[in-house]
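The residues making up each chain are set out below.
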Amino acid sequence: MMSACPDPLWPSYRAGARLTVDLDAIASNYRYLQTLAAGASCAAVVKADAYGLGIERVAPVLEHAGARDFFVAHVDEGIRLRSVVSETARITVLHGPRPEAAGDCVRYGLRPVLNSLEQIATWREAGLRAGTVPEAALQVDSGMSRFGLSGADLEALQENEGLVGGLKVGLVMSHLACADTPDHQANRAQKERMLEMSARLPSAPLSLSASSGIFLGPDYHLDVVRPGAALYGLAPNRTAPNPLSPVVRLQAHVLQIREILPGDGVGYGLTYRPERVRRIATVAVGYADGFSRHGAGQGCAWFEEICLPILGRVSMDSLIVDISDVPEGKLGPDMMVDLIGPRRSVDDVADAAGTIGYEVLTSLGHRFYREYVGNQKNPSTGD
Ligand SMILES: *Cc1c(COP(=O)(O)O)cnc(C)c1O
């Protein structure tokens with residue numbers, strides 16, 4: 001017979017690992033970035049489920065910390081966000097209105113970024129059908145060749161003012177390709193190109209910088225900055241220590257401990273073979289949890305201050321670490337080791353896997369027990 005579960009923490013015992021998300025750290029990172037970009041307004045990018053951390057939990061905390069402007073990638077994400085932030089929050093959809101979804105942008109009060117002449121036409125048609133054309137953002141391609149109006153598109157708009165007639169432009173934006181490399185000459189070139197292009201459009205607040213761009217200095221802040229990664233604790237560049245507070249911790253349960261001898265092999269392919277006697281532990285996180293198969297061999301997990309090198313290949317649901325340096329009896333089955341934590345950042349995990357912190361964060365699995373700590377306030381109740 002099913003019965004109510006007496007222990008509120010029971011799911012953590014069922015899951016292989018616990019992912020802790022520090023909501024206070026997110027709020028404090030937001031406030032830090034807003035202070036750094038004091039001349040601008042600081043928006044919050046919460047696409048991809050707030051970089052994998054849970055948009056329903058994260059967005060209200062950002063709003064409580066002062067964010068009024070939110071960016072998502074897709075219309076669907078905007079609709080999901082609409083129900084967890086207040087009505088006055090402005091939600092901008094980076095990918096713009098695809099023809100079938102333009103009506104939903106109008107219905108849910110989402111502001112699309114218009115990236116092409118086609119999207120401008122789509123938005124005007126959707127607006128006219130609704131009786132009025134709501135505000136939109138315009139993106140110009142200042143050099144990344146990904147999204148936005150080209151120089152030729154701007155000429156077409158200048159020659160035929162009817163194309164932007166009736167359009168309310170609330171923001172003109174562009175995106176930097178090399179902002180994480182502060183000395184890169186493309187940064188200045190893109191900024192100049194953006195200013196030149198925006199001068200040919202209806203006047204509106206300007207936005208160029210995401211997380212890394214904020215750290216290029218006030219010249220790059222313009223009117224609105226759009227950080228995502230930095231809110232979640234990722235380093236804006238590698239030229240200075242990371243000033244942001246870490247947000248996530250990933251602790252995995254130890255499932256089994258054994259001793260291995262020279263001649264034994266570890267994991268798929270038996271790619272690790274010890275030269276001396278080793279004590280090893282199998283822990284409950286694998287590549288199906290977003291802990292990349294490429295990350296083995298270079299990284300380590302941690303138990304308190306002790307580094308536990310990852311041995312052999314990462315399996316789907318588990319990986320194996322060397323616990324020989326842990327005094328015997330101190331680490332037993334069912335205890336937890338840190339895979340991401342005070343001694344190993346998301347960026348460190350990414351380095352070991354040959355990728356970037358963005359990819360590690362957004363790949364973190366959904367079968368972890370997730371615990372949100374810190375600001376548990378629900379801003380909608382005002383407490
Ligand atoms: C994802 C994204 C951002 C946020 O970038 P971060 O590097 O995570 O701060 C800002 N602007 C645009 C257009 C984006 O696609």
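Residues numbered from 1 in each chain as written. Predicted model: local features only at pLDDT ≥ 70, side-chain atom pairs only at ≥ 80, totals over all residues. Heavy atoms only, no water.

### Some words on the overall build of the protein
Okay, so step 1: A tally of helices and strands in the protein yields 12 helices and 17 strands.
Okay, so step 2: Structurally, the protein occupies a C-alpha span of about 75 × 55 × 35 Å along its principal axes.
Okay, so step 3: A buried classification covers 52% of the 383 residues belonging to the protein.
Okay, so step 4: Taking as baseline every contact in the protein between residues at least 6 positions apart, the subset at least 24 positions apart corresponds to 66%. (Helix = DSSP H or I, 4+ residues; strand = E, 2+ residues; numbered from the N terminus. Buried < 20%, exposed > 50% of the residue type's maximum accessible area, 1.4 Å probe, protein only. Contact = heavy atoms within 4.5 Å.)

### Overview of the confidence of the model for the protein
Okay, so step 1: Residues at a pLDDT of 70 or more form 94% of the protein, whose mean pLDDT is 93.
Okay, so step 2: Note on residues 378-383: pLDDT under 50 across the span, and five contacts to partners over four residues away in sequence or across chains. (pLDDT = per-residue confidence, 0-100.)

### Thoughts on the side chain of Thr-122
Okay, so step 1: Checked against the element boundaries, Thr-122 lands in helix H7 (residues 117-130).
Okay, so step 2: For Thr-122, the contacting residues outside a window of four places in its chain are Pro-97, Arg-98, Pro-99 and Ala-102.

### What to know about the pairing of strand S14 (residues 306-311)
Okay, so step 1: Here strand S13 (residues 300-303) pairs with S14 via four bridges, running antiparallel. Along S14, the bridge assignment pairs Cys-300 with Pro-309.
Okay, so step 2: Between the end of S13 and the start of S14, which pair antiparallel, lie two residues, with Glu-304 showing a positive phi angle near 50°.
Okay, so step 3: The pairing of S14 with strand S15 (residues 319-322) spans two bridges and is classified as antiparallel. Looking at the pairing, Leu-311 lines up with Ile-320 of S15. (Pairing = 2+ DSSP bridges.)

### Observations regarding the packing of helix H2 (residues 23-36) against helix H4 (residues 55-64)
Okay, so step 1: In contact at an axis separation of 9 Å, H2 and H4 are set at 40° when each is read in the N-to-C sense. Here H2 lies oblique to H4, going by the angle between them. As H2 packs across H4, the resulting crossing turns out to be right-handed. Between H2 and H4, the residues in contact are Leu-23, Ile-26, Ala-27 and Tyr-30 and Arg-57, Val-58, Val-61 and Leu-62, respectively. (Axes fitted to C-alpha atoms, helices over the stretch in contact; angles between N-to-C directions. Parallel < 35°, antiparallel > 145°, perpendicular 65-115°, else oblique. Left-handed = near helix turned anticlockwise from the far one by under 90°.)

### Some details on the environment of Arg-107
Okay, so step 1: In this structure, Arg-107 sits in helix H6 (residues 102-108).
Okay, so step 2: For Arg-107, a relative accessible area of 61% corresponds to the exposed category.
Okay, so step 3: Through-space distance from the C-alpha of Arg-107 to that of Ala-130 is 9.0 Å; in sequence the pair is 23 residues apart.
Okay, so step 4: In terms of polar contacts, Arg-107 uses its side chain to reach the side chain of Asp-104, at 2.5 Å. (Polar contact = N/O pair within 3.5 Å; in protein donor to acceptor, adjacent residues only side chain to side chain.)

### Digging into the packing of aromatic side chains
Okay, so step 1: Counted by the stated rule, this structure contains two aromatic pairs.
Okay, so step 2: Judged by centre distance (4.9 Å) and plane angle (40°), the ring pair of Tyr-51 and Tyr-232 falls under tilted. A residue pair is termed long-range when its members are at least 10 positions apart, and Tyr-51 in helix H3 (residues 47-51) and Tyr-232 in the loop between strand S10 (224-225) and strand S11 (248-260) qualify at 181 residues. An identical accessibility class is assigned to Tyr-51 and Tyr-232; each is buried.
Okay, so step 3: Each ring, one from Tyr-51 and one from Tyr-358, has its centre 6.2 Å from the other, and the planes form 40°; the classification is tilted. Placement of the pair is Tyr-51 in helix H3 and Tyr-358 in helix H12 (residues 357-363), with a sequence separation of 307 residues.
Okay, so step 4: Since its relative accessible area comes to 35%, Tyr-358 is described here as partly exposed.
Okay, so step 5: Grouping aromatic residues by their ring pairs yields a cluster made of Tyr-51, Tyr-232 and Tyr-358.
Okay, so step 6: Of note, Lys-191 hangs over the ring of Tyr-220, and the distance from its end group to the ring centre comes to 5.1 Å. (Phe/Tyr/Trp six-rings, centres within 6.5 Å; stacked < 30°, edge-to-face > 60°. Lys NZ or Arg CZ within 6 Å of the ring centre and 35° of its normal.)

### Digging into the site of the ligand
Okay, so step 1: Residues in contact with the ligand amount to 14 residues; listed here are only the nearest, Lys-47, Tyr-51, Ser-211, Gly-228 and Tyr-358.
Okay, so step 2: Within the side chain of Tyr-51, a nitrogen or oxygen atom sits 2.5 Å from an oxygen atom of the ligand.
Okay, so step 3: Here an oxygen atom of the ligand and a backbone polar atom of Gly-228 are 2.8 Å apart.
Okay, so step 4: When isolated, the ligand has an accessible area of 390 Å², and the protein chains bury 91% of it.
Okay, so step 5: When its residues are assigned to classes, the shell around the ligand shows eight nonpolar, three polar and three charged. (Near = heavy atom within 4 Å. Areas by Shrake-Rupley, 256 points an atom, 1.4 Å probe, with all protein chains shown as cover. Nonpolar A, V, L, I, M, F, W, Y, C, P; charged D, E, K, R; others polar.)

### Some words on the nonpolar core
In globular proteins that are soluble, nonpolar side chains generally tend to be buried together.
Okay, so step 1: The biggest cluster of nonpolar side chains holds 109 residues, and the ones touching the most others in it are Leu-62, Phe-70 and Tyr-232.
Okay, so step 2: Counting contributing residues per domain, this core is built from domain 1 (24-232) and domain 2 (248-367), each supplying no fewer than three.
Okay, so step 3: Other than its neighbours up to four places away in sequence, Phe-70 contacts Ala-44, Val-46, Ala-59, Leu-62, Glu-63, Leu-81, Val-85, Ala-89, Arg-90, Ile-91 and Thr-92.
Okay, so step 4: Grouped together as the second largest cluster of nonpolar side chains are five residues, Ile-260, Val-266, Leu-311 and Ile-320 included. (Core = buried A, V, L, I, M, F, W, Y, C linked by side-chain atoms within 4.5 Å. Domains from an automatic or database assignment.)

### A look at the pattern of salt bridges
Okay, so step 1: Across all of its chains, the model carries 20 salt bridges by this definition.
Okay, so step 2: Here Arg-80 ties to Asp-49 by a salt bridge, and the two come within 2.9 Å at their closest N and O atoms. Separated by 31 residues along the polypeptide, Arg-80 in helix H5 (residues 75-82) and Asp-49 in helix H3 bring together distant segments of the chain.
Okay, so step 3: By relative accessible area, Asp-49 is classed as buried at 17%. (Salt bridge = Lys/Arg side-chain N within 4 Å of Asp/Glu carboxyl O.)

### Focus on the pairing of strand S6 (residues 110-114)
Okay, so step 1: Of all five residues that make up S6, five are buried, and the element is covered over most of its length.
Okay, so step 2: Burial along S6 is two-sided: Leu-110, Pro-112 and Leu-114 and Arg-111 and Val-113, pointing in opposite directions, are all buried.
Okay, so step 3: Here three bridges tie strand S5 (residues 90-93) to S6, and the two strands are oriented parallel to one another. Within the sheet, the bridge partner assigned to Ile-91 lies in S6 and is Leu-110.

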